[in-house]
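# Structural characterization, general
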Amino acid sequence: MSDAVIRVVGLGKSYVTAAGLFPALKGVDLEVRPGEYIAIMGPSGSGKSTFMNLLGCLDQPSMGDYFLAGENVAHLEKDALAQLRNRTLGFVFQGFNLLPRMSLQDNVALPLVYAGVDKETRRRAAREMLARVGLEKYAESRPNQISGGQQQRVAIARALVNKPRLILADEPTGNLDSHTSEEIMRLFGELNGEGITIVLVTHEPDIAEHAKRQVRFLDGQIINDHLTGAAA
């Protein structure tokens, strides 16, 4: 059995539209090994976002198999799938997705709430992760009291708090200026250097160059898969 963190075989996804069935993803095969750093690229409508949603178990495929940490997610009960996601995946989104009425500390601790961790342990772990991204002194602040770049750092801390093997990042620098984007990508590089597997979606070539491997989608299929200069 493969020790890949992610393995997809013949993965496809179709949507019902007014014009009929639309195949957004067409029989994709891909393996992601432990410790890889991959950029998923492609124009709008290429299938990259559909693929990312399937990897994050946010949607179900129409065909094919998806193995996450060796488990075929299609065969898991809802609770077992939620547990697998919670212990294996960390998510980082373009829009940060922080809860505005919660402190930064409580936002970071949210995945631990779902994991059933006690309050004191949650608070300690959240503080440690905020310190990891350089924001411990803002622990009691609300999201609207810090910058966009700082909010994305909080989102990364939240993604890390469960110590996941894999981070999925969907356009993580899409709402940030170029300087702040570089800071966020430097942080991803550090995390990958610590052994965390990273898969990110981006349409920006300069962001993709930070990854060690680029996988390019077009019309629902992978058309190119190659190592980058960062892999050297």
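As a reminder, the structure under discussion sits directly above these lines.
A brief structural summary.

Calculation notes
Residues numbered from 1 in each chain as written. Predicted model: local features only at pLDDT ≥ 70, side-chain atom pairs only at ≥ 80, totals over all residues. Heavy atoms only, no water. Salt bridge = Lys/Arg side-chain N within 4 Å of Asp/Glu carboxyl O. Helix = DSSP H or I, 4+ residues; strand = E, 2+ residues; numbered from the N terminus. Buried < 20%, exposed > 50% of the residue type's maximum accessible area, 1.4 Å probe, protein only. Axes fitted to C-alpha atoms, helices over the stretch in contact; angles between N-to-C directions. Parallel < 35°, antiparallel > 145°, perpendicular 65-115°, else oblique. Left-handed = near helix turned anticlockwise from the far one by under 90°. Contact = heavy atoms within 4.5 Å. Nonpolar A, V, L, I, M, F, W, Y, C, P; charged D, E, K, R; others polar. Pairing = 2+ DSSP bridges. Expected span 1.5 Å × (residues − 1). Arc of directions from axis to C-beta. Polar contact = N/O pair within 3.5 Å; in protein donor to acceptor, adjacent residues only side chain to side chain.

Here the focus is the pattern of salt bridges. In the structure shown here, the tally under the stated rule is 9 salt bridges. With a closest N to O distance of 3.3 Å, Asp59 and Lys13 form a salt bridge. One end of the pair, Asp59, is in the loop between helix H1 (48–55) and strand S4 (63–68); the other, Lys13, is in strand S1 (residues 6–17), and 46 residues separate them in sequence. Residue classification places Asp59 among the partly exposed positions, given a relative accessible area of 24%. For Asp225, the salt bridge is made with Arg213, and the minimal N-O distance between the two is 2.8 Å. Taken together, the positions of Asp225 in strand S10 (residues 221–227) and Arg213 in strand S9 (residues 213–218) put the pair 12 residues apart, joining distant regions of the chain. In this structure Asp225 comes out as partly exposed when scored by relative accessible area, which is 39%. Overall, the relative accessible area of 11% leaves Arg213 in the buried class.

On to unusual backbone geometry, then. For Asn97, which is not a glycine, the phi torsion comes out positive at approximately 60°. Asn97 sits in the partly exposed class, given a relative accessible area of 44%. Positive phi values are uncommon outside glycine, yet Glu171 reaches one of about 50°. Note on placement: Glu171 falls in the loop between strand S7 (166–170) and helix H6 (178–193). Assessed through its relative accessible area of 10%, Glu171 is described here as buried.

What follows covers the packing of helix H3 (residues 104–114) against helix H4 (residues 119–132). The interhelical angle for the contact between H3 and H4, taken along N-to-C directions, is 120°, at an axis separation of 8 Å. In this view, H3 runs oblique relative to H4, as classed from their interaxial angle. For the element pair H3 and H4, the recorded crossing hand is right-handed. Counting all contacts with H3, which are made through Leu104, Gln105, Val108, Ala109, Leu112 and Val113, the residues of H4 involved are Arg122, Arg123, Ala125, Ala126, Arg127, Met129 and Leu130. Of the residues belonging to the contact of H3 with H4, the class tally is 9 nonpolar, 1 polar and 3 charged.

It is worth spelling out the sheet that holds S9 at this point. Sheets are built from strands paired through backbone hydrogen bonds, the pairs being either parallel or antiparallel. Pairing within the open sheet is mixed, and its 6 strands lie in the order S6-S7-S8-S3-S9-S10. Taken across any chain shown, the strands that pair with only one partner, and hence form the sheet edges, are strand S6 (89–93) and S10. Taken pair by pair, the neighbouring strands of this sheet meet at an average axis angle of 15°, ignoring direction. Relative to S9, strand S3 (residues 37–41) runs parallel, the two being bridged by 4 bridges. In the strand pairing of S9, Ile40 is matched with Val215. Sheet strands in contact with helix H5 (residues 148–160) are S6 and S7, and its direction is about 165° off that of S6.

Our focus in this paragraph is H4. Along its 14 residues, H4 runs 20 Å from first to last C-alpha, staying within 8% of the 20 Å computed at 1.5 Å per residue. Where H4 is concerned, the buried positions are Arg122, Ala125, Ala126, Met129 and Leu130. Summarising the axial view, the buried residues of H4 lie within an arc of 135°, below the 170-degree limit, and thus occupy one face. The secondary structure elements touched by the buried residues of H4 are H3 and H5. For H4, the side-chain oxygen to backbone nitrogen distance between the N-cap and Glu120 is 3.3 Å, and the N-cap itself is Asp118. Looking at the residues trailing H4, positive phi occurs at Gly134, about 75°.

The strand order across the open sheet formed by 4 strands is S2-S1-S4-S5, and the pairing between neighbours is antiparallel. At either end of the open sheet lies a strand with only one pairing partner, and these are strand S2 (20–32) and strand S5 (71–72). Pairing analysis gives 2 bridges linking S4 to S5, with the strands arranged antiparallel. By the bridge assignment for S5, Phe67 is matched with Asn72. Where H1 meets the sheet, it contacts S1, S2 and S4, and its direction lies at approximately 120° from that of S1.

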